[in-house]
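# Reading the structure
Next come the chains, spelled out residue by residue.
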Amino acid sequence: MIERHLREARSAAGEVPARSAGERPLRLVVADDQDLVRNGFRLILSSYDGFSIVGEARDGEEAVELARRLVPDVVLMDIRMPRLNGIEATRAITSNPLLAKTRVLVLTTFDVDEYVYDALGAGASGFLLKDADPDEIVAAIRVVARGDALIQPSVMRRLVETFVAARPRGGWGAADVAETRRAALTSLTDREREILVLVARGLSNDEIAEELFISPATVKTHLARVMAKTDAHDRAQLVVFAYETGLVTPAP
């Protein structure tokens, strides 16, 4: 199922342009408990322009520490690691205000949809299987580094619907998190809620602007406010938030 979602996402996204000659390399941290996997990513990424691996972590705790110390652009995060798993490490990184510009791309060998949902709920900006082609891995890194979600909103919507329908509301079983989400939802204006609903339905900024008879620039301004109020890093997290709080409900 995940492979199908990723194919649809890549088809919808098209080619991701390479970085310009004058831009600084993207600074990356690779977190995986297998030396072979980390070395593999280093070899792959060293063959492409525009990337610099500034740190490698063997477990989740080390990944969090390296992120705090190095403030990379992207952390490539394994899920199953000792001491601290990749989901909790992702949550620690994305909840740190000092790492607001650091994105997490979760990499796993496990083709299990629930991991995607949990990773996004923890704040990851993307998800990719480890056996993806090198070009796909490079494209994924560039996508999340520029602040976009790897899985397109319309694809994300279908995925989130599947798991929200099967789970109790409240977000990963934490009452305090559920209360925080409800408070964030209450803080949104009517217009912000309206835009959030359209984001959750998979509309782009231009499509939202056309739907509401406002300019794309106005949509961006509202989205920035919604992200700030909901503590979301990107559109993927906004989609999860909309479904988790019940603002948008799964299609029957």
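Structural notes, computed from the coordinates. (Residues numbered from 1 in each chain as written. Predicted model: local features only at pLDDT ≥ 70, side-chain atom pairs only at ≥ 80, totals over all residues. Heavy atoms only, no water.)

### Considering the pattern of salt bridges
Let me state the cut-off plainly: Here, a salt bridge means any Lys or Arg side-chain nitrogen found within 4 Å of an Asp or Glu carboxyl oxygen. Only runs of H or I of at least four residues qualify as helices and only runs of E of at least two qualify as strands under DSSP, and these elements are numbered from the N terminus. Buried residues are those whose accessible area, probed at 1.4 Å on protein chains only, stays under 20% of the maximum for their type, while exposed residues exceed 50% and partly exposed ones sit between those limits.
Considering all chains together, one arrives at 13 salt bridges under this definition. Across the salt bridge formed by R38 and D35, the nearest N and O atoms sit 2.4 Å from each other. In this pair, R38 and D35 are both assigned in helix α2 (residues 35-46), 3 residues apart and thus about one turn of the helix distant. For R38, a relative accessible area of 4% gives the class buried. Residue D35 is classed as partly exposed on the basis of its relative accessible area, which comes to 42%. Here R83 makes a salt bridge to E61, at a shortest N to O gap of 3.1 Å. Within this pair, whereas R83 is found in the loop between β3 (74-78) and α4 (86-94), its partner E61 is found in helix α3 (residues 60-70), the two being separated by 22 residues in sequence. The exposed category is assigned to R83, whose relative accessible area is 58%.

### Details of the side chain of R103
Using the following cut-off: We call two residues in contact when some of their heavy atoms are within 4.5 Å.
Following the sequence through the fold, R103 ends up in strand β4 (residues 103-108). Residue class for R103 comes out buried when judged on its relative accessible area of 14%. Those residues within four positions of R103 in sequence are excluded, and the remaining contacts are D73, V74, V75, S125, V144, A145, G147 and H233.

### Considerations on the pairing of β3
Quick note on the threshold: By the convention used here, strands pair only if DSSP detects at least 2 bridges between them. Handedness rule for crossovers: strands pointing away from the viewer, path from the first strand over the helix to the second running clockwise, crossover right-handed.
For β3, the buried fraction is high: 5 of the 5 residues fall into the buried class. Of the two faces of β3, the one holding V74, L76 and D78 and the one holding V75 and M77 are both buried throughout. Relative to β3, strand β1 (residues 26-31) runs parallel, the two sharing 4 bridges. When the bridges of β3 are listed, L28 appears paired with V74. The pairing of β3 with β4 spans 5 bridges and is classified as parallel. Across the sheet, the residue bridging to D78 is L107, located in β4. Taken together, β3, α4 and β4 constitute a β-α-β crossover, and its handedness is right-handed.

### Focus on the sheet that holds strand β2 (residues 51-57)
Two modes of strand pairing occur in sheets, parallel and antiparallel, and in both the strands are linked by backbone hydrogen bonds. Applied cut-off: Here an axis means a line fitted to C-alpha atoms, over the contact stretch when the element is a helix, while the angle between two N-to-C directions is reported on a 0 to 180 degree scale.
The sheet built from 5 strands is open, its strands ordered β2-β1-β3-β4-β5 with parallel pairing. Only two strands of the sheet have a single neighbouring strand rather than two, namely β2 and β5 (126-129). Going across the sheet, the axis of each strand differs from the next one's by a mean of 25 degrees, ignoring polarity.

### Considering a negative patch on the surface
Defined as follows: Residues enter a patch when their relative accessible area is above 30% and they make no salt bridge; the linking distance is 9 Å between like charges and 5 Å between nonpolar side chains (Val, Leu, Ile, Met, Phe, Trp, Tyr). Note that accessible areas follow from Shrake-Rupley with a 1.4 Å probe, and for residues the cover is restricted to the protein chains shown. We count Lys and Arg on the positive side and Asp and Glu on the negative side, and we leave His and both chain ends out. Charge coordinates come from a single atom per side chain, which is NZ of Lys, CZ of Arg, CG of Asp or CD of Glu.
Judged by side-chain charge, D206, E207, E210 and E211 come together as a negatively charged surface patch. Structurally, E207 is set in helix α10 (residues 205-212). E207 gets classed as partly exposed once you look at its relative accessible area, which sits at 41%.

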